[in-house]
Amino acid sequence: MRKKNHEQISKNILYRLETRKSIIYASIIYLVLSAVLLAGLVRVVLPNSKGEKLLLTNFSTDNSISIESLGNSIHQDITGIEGEIYRIQIPIKCKNANPDSKILISIKINDEIIQEEEIVFENSDQEAVTIIFTTPVTVERDDVISICINHNEEYIDGTASFILSQWNIDQIKLYEDDSKMEYEIATYISGIASSNMVYIYLLVYLILSIVYAIICYGIMKKKWKIETLFVIICTVFGVLYTVFWSPYACPDEHFHVGTAYYYASELLGEPTVDEEGNILVRECDLYFTPNEITTRQYSYNLIFSSPFFNEDTNKEFVSLRCSLLGGVPPFAYIPQIIGICIARILRFSNVSLLLLGRLLALISYMVFGYYSIKLIPFGKRALMILMLGPTAIQAAASFSYDSMLNSCAFLFIAYTLYLAYEKKQTKIGDWVVLALTSICFTPIKVVYILLVFLIILIPNNKISQNSMKAYGVKIALLLMNVLTLIWGRQETVQSMANSYVNEDGVAGYTLSTIVSNPLKTIVLWANTIRERSVFYLEQVFGGYKSYSKIEISLLVIVGFYILLTLALVIKENETIPSFKEKALFSVISLGIFCLILLGFNLAKDCTNILSPCIYGVQGRYFLPFLPLVFICLQTRSIVVKKDITGQLAIGVFCLQFLTVCTIFETVIAR
């Protein structure tokens, strides 16, 4: 009797474990992720959150101004710093060392002298004047820090000069006899910021924990569809990327911000460029400068200490030191332009402006992604993995036109295949969608015009009973994209056809060079694929680490490829395209790949006749056509009986969790 009771109890326990195994697995995964985060907290965040870091930096340039050319008394006022100041550093050039040459520097907080030091120029190797406070000085955001510089009879002309700053930012103002100057002196202030990175790190953990619980509930209880899971995961990690991969950290984002700002200024009727063709921005919109291309703890201090609204009504415009990206149409930046216009009208601060522009780009990407995954008849799970990868999310939550490019390309592919395989009859609205999405990505990157040829798959009888009319609709769409390309990118195509010689006197490739030396070109391309293929594969999911200086773990990259491989396995009841249709996908994909290589083969400052391989190509350029490659890889050789979408979504969440931890820990240590 007792033995039977034990057996019954064992069966009950096993049954309960079996029915709750999903919850057990999810709990184990959560504990592992928590352990990883705790290790990062102890190993990286805690030691670096209390150390001395930059509180202000206005990068120096090669330009300088001699001290004697300034008035006898100048002062540079600095605001917006909150925390404890340890030291202030002013870069200089000591041209003629002289121990008898002196200046007096006074540091004031709200007109109260905190410390004075006499600076002697006795060392020709001296590169900076450093004021170290005897005791740390606590300042609030509204406090005015004044660096007062007095030079009189004790200073000898020609001894030294101050280095000028790279940007005229609203946070710093230089005065000579109470008259505001048009330039500023480069200044570095270091100490401990009031923003506590430990609390921010723990807040992120709390948010991710809640989202993880929601996702698990949605998968286990609500059986959420794949497009719903995409939106939730994209929302949480997209917002985190928006902040933690700080503005300007995305490849070439400085130029994208400038271009979007230019079009916003045109809409608002405000100045756009200076005499040299550089884009103008309001001085208050340089609180967060393009120097934050490499995200660091100072970047986070600026973001988290910035007010939401701009308290300064100063509308003085200064140069962003970049020109308009030629050939790129305004609609490539529609979300970002809207964000900038709203922020400027409502007087948002510079950080709020940048984050709003990024967030609207992310929302646009999520909407396009939702319908792309929902409508595409093949490779839904693979498309979800691709669109939720670090490279795709970083581009989506940025000012880069890659956000609109990828969104439109994915939706165009999905909608075209939906019309070709699932919808019974096309309508005018369907062709409007195809036209709008295609004319968005075609002028952004010329090579993707080959994607438009996917409309060949749409049967004529779905368009019209008159086959000539059906062909006319398809040809009209193709011609529309060709004309858009010619209008937007004519100069780009012409420049690639022209010959050039670089600074070292080495000639580059031209079309005639390639045609006349086919063997050399074949060897160059083959060597490129052999040497750079791993680099391209890493960048598809690992981002562009040489730009942001944030290295995504190889474990994460491999993890995404494992998930992608699993996502390509179809279910028993799923259909896949025929061999002929896959052949078309392959031709289009191979054609785009070859055009990308050709473009950088001809591009100036990328590849010359002495180059061992083609340089400049990045893995992110392959994202728009990868859905076609994934569909080609799907086969019926291996099928699964059970839907694994939920498991894949949790896998993506875990890998992105690790990525966010990596980003935060890397940045906090700088």
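My aim in this report is to walk through the structure given alongside it, one point at a time. (Residues numbered from 1 in each chain as written. Predicted model: local features only at pLDDT ≥ 70, side-chain atom pairs only at ≥ 80, totals over all residues. Heavy atoms only, no water.)

A closer look at the overall build of the chain
Then step 1. Helix and strand counts for the chain stand at 21 helices and 16 strands.
Then step 2. For a compact globule of 670 residues, the expected C-alpha radius of gyration is about 26 Å, and the chain comes in at 29 Å, within 12% of that figure.
Then step 3. Overall size of the chain, expressed as C-alpha extent along the three principal axes, is 90 × 90 × 50 Å.
Then step 4. Here the chain holds 670 residues, and the buried ones make up 55% of them.
Then step 5. By sequence separation, contacts in the chain at least 24 residues apart represent 83% of the contacts at least 6 residues apart.
Then step 6. If you sum the accessible surface of the chain, you get close to 30100 Å²; carbon and sulfur atoms cover 60% of it.
Then step 7. Side chains of the chain give 54 positive and 58 negative charges; the mean places of these two sets differ by 24 Å. (Helix = DSSP H or I, 4+ residues; strand = E, 2+ residues; numbered from the N terminus. Rg over C-alpha atoms; globule rule 2.2 N^0.38 Å. Buried < 20%, exposed > 50% of the residue type's maximum accessible area, 1.4 Å probe, protein only. Contact = heavy atoms within 4.5 Å. Areas by Shrake-Rupley, 256 points an atom, 1.4 Å probe, with all protein chains shown as cover. Lys, Arg positive; Asp, Glu negative; His and termini not counted. Charge placed at Lys NZ, Arg CZ, Asp CG, Glu CD.)

Here we look at the side chain of threonine 426
Then step 1. Inspection of the secondary structure assignment puts threonine 426 in the loop between helix H11 (402-421) and helix H12 (428-444).
Then step 2. At a separation of 3.3 Å, a polar atom in the side chain of threonine 426 contacts the side chain of tryptophan 431. (Polar contact = N/O pair within 3.5 Å; in protein donor to acceptor, adjacent residues only side chain to side chain.)

With respect to helix H21 (residues 645-668)
For an α-helix the count is 3.6 residues per turn, leaving residues at separations of three or four pointing the same way.
Then step 1. Along its 24 residues, H21 runs 34 Å from first to last C-alpha, staying within 8% of the 34 Å computed at 1.5 Å per residue.
Then step 2. The element H21 is extensively covered by neighbouring structure, given that 22 of its 24 residues are classed as buried. (Expected span 1.5 Å × (residues − 1).)

Looking at the nonpolar core
Then step 1. Formed by 203 residues in total, the largest nonpolar core has its most connected members in Ile105, Phe162, Phe244, Ile385, Tyr448, Leu451 and Ile596.
Then step 2. Considering every element that reaches this core, the biggest residue donor is H21, with 15 residues.
Then step 3. In contact with tyrosine 448, other than residues within four places in its own chain, are Leu405, Phe441, Ile592, Ile596, Tyr621, Pro624 and Phe625. (Core = buried A, V, L, I, M, F, W, Y, C linked by side-chain atoms within 4.5 Å.)

Description of the sheet that holds strand S6 (residues 112-121)
Strands in a sheet are paired, the pairing made by backbone hydrogen bonds, and the direction either parallel or antiparallel.
Then step 1. Pairing is antiparallel across the open sheet formed by six strands, whose spatial order is S6-S5-S8-S3-S10-S11. Strands with a single pairing partner mark the edges of an open sheet, and in this sheet they are S6 and strand S11 (179-180). (Pairing = 2+ DSSP bridges.)

So, H12
Then step 1. Counted at 1.5 Å a residue, the expected span for H12 with its 17 residues is 24 Å, and the 25 Å between its end C-alpha atoms agrees.
Then step 2. Of all 17 residues in H12, 12 are buried, a share of seventy percent or more.
Then step 3. Taken residue by residue, H12 has Asp430, Trp431, Leu434, Ala435, Thr437, Ser438, Ile439, Cys440, Phe441, Thr442, Pro443 and Ile444 as its buried positions.

A closer look at the state of the cysteines
Then step 1. Taken as a whole, this structure holds zero disulfides when the rule is applied.
Then step 2. No disulfide involves cysteine 341; its sulfur sits 15 Å from the nearest other cysteine sulfur, which is in cysteine 284. (Disulfide = S-S within 2.5 Å.)

Some remarks on the packing of aromatic side chains
Then step 1. Within the structure shown, the criterion is met by 30 aromatic pairs.
Then step 2. A ring pair is formed by phenylalanine 244 and tyrosine 300, whose centres lie 5.5 Å apart and whose planes are at 45°; its orientation type is tilted. Here phenylalanine 244, found in helix H4 (residues 226-244), pairs with tyrosine 300, found in helix H6 (residues 297-305); they are 56 residues apart in sequence, far enough to count as distant.
Then step 3. Tyrosine 300 sits in the buried class, given a relative accessible area of 0%.
Then step 4. Taken together, a centroid distance of 5.5 Å and an interplanar angle of 20° make the contact between phenylalanine 600 and tyrosine 621 stacked. Here the residue phenylalanine 600 occupies a position in helix H19 (residues 579-602), and tyrosine 621 occupies one in the loop between H19 and helix H20 (626-633), the gap between them amounting to 21 residues.
Then step 5. Given the relative accessible area of 19%, phenylalanine 600 is considered buried.
Then step 6. A residue is classified by how much of its surface remains accessible, and tyrosine 621, at 10% relative accessible area, is buried.
Then step 7. When the ring centre of phenylalanine 535 is taken as reference, the NZ or CZ atom of arginine 532 above it lies at 4.4 Å. (Phe/Tyr/Trp six-rings, centres within 6.5 Å; stacked < 30°, edge-to-face > 60°. Lys NZ or Arg CZ within 6 Å of the ring centre and 35° of its normal.)

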